[in-house]
Amino acid sequence: MAAQKAVFLPLTQKIKQLLQQGAIGEVSWIDAQSYHPGGTKIAWFQDITAGGGAFHGSAAYPLDYIQYLLAQRFTSYHG
């Protein structure tokens, strides 16, 4: 597990509960953004051949979070 503490926050639990109850409605779009100050100073962060790149270096956290909230697995993704 990647240090995904956000799934254990009370706010996340409340959002998940509201989604399960249908109180929020159907989710049709999710926009996830992140910012990493100093990311330009980390060599692998921008090197896709080293497992980095913006998608590989940052996408795991919002993707894991979204899968948890929606109780669904992704079948495909790109970036």
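As the structure is a computational prediction, the values presented were derived from the model and not from experiment.

A. Highlighting helix α3 (residues 60–70). When we look at burial in α3, the residues that qualify are Leu63, Ile66, Gln67 and Leu69. Angularly, the buried residues of α3 cover 165 degrees about the axis, an arc narrow enough to put them on a single face.

B. Local environment of unusual backbone geometry. The phi torsion at Ala71 lies on the positive side, around 55 degrees, for a residue other than glycine. Tracing the backbone through its elements, the reader meets Ala71 in the segment after α3. Classification of Ala71 as exposed rests on a relative accessible area of 59%.

C. Expanded view of the side chain of Thr12. One can find Thr12 in helix α1 (residues 10–21). Here Tyr65 takes part through its side chain, which lies 2.7 Å from a polar atom of the side chain of Thr12. Residues within four places of Thr12 in sequence aside, it is in contact with Ala6, Val7, Tyr65, Tyr68 and Leu69.

D. Representation of the packing of aromatic side chains in the model. Tallying each qualifying case throughout the model produces zero aromatic pairs. Looking at Lys16, its charged tip hangs above the ring of Tyr68, at a distance of 4.3 Å from the centre.

E. Molecular detail of α1. Between the first and last C-alpha of α1 there are 17 Å, a value that for 12 residues agrees with the 16 Å anticipated at 1.5 Å per step. Buried residues of α1: Thr12, Lys16 and Leu19, and no others. In an axial view of α1, the angular spread of the buried residues amounts to 60 degrees, which keeps them on one side of the axis. Along α1, exposed side chains directed more than 90 degrees from the buried face belong to Pro10, Leu11 and Gln21. Those residues of α1 that are buried are in contact with α3.

F. Focus on the confidence of the model for the protein chain. With 84% of its residues at a pLDDT of at least 70, the protein chain reaches an overall mean of 81. The lowest-confidence element of the protein chain is helix α2 (residues 53–58), averaging 68 in pLDDT; the highest-confidence one is α1, averaging 95.

G. Region of the structure containing the side chain of Gln67. Secondary-structure assignment places Gln67 in helix α3. There is a polar contact of 3.0 Å between the side chain of Gln67 and the backbone nitrogen of Phe74. Aside from chain neighbours lying at most four places away, what touches Gln67 is Gln72, Arg73 and Phe74.

Conventions adopted
- Residues numbered from 1 in each chain as written.
- Predicted model: local features only at pLDDT ≥ 70, side-chain atom pairs only at ≥ 80, totals over all residues.
- Heavy atoms only, no water.
- Buried < 20%, exposed > 50% of the residue type's maximum accessible area, 1.4 Å probe, protein only.
- Helix = DSSP H or I, 4+ residues; strand = E, 2+ residues; numbered from the N terminus.
- Arc of directions from axis to C-beta.
- Polar contact = N/O pair within 3.5 Å; in protein donor to acceptor, adjacent residues only side chain to side chain.
- Contact = heavy atoms within 4.5 Å.
- Phe/Tyr/Trp six-rings, centres within 6.5 Å; stacked < 30°, edge-to-face > 60°.
- Lys NZ or Arg CZ within 6 Å of the ring centre and 35° of its normal.
- Expected span 1.5 Å × (residues − 1).
- pLDDT = per-residue confidence, 0-100.

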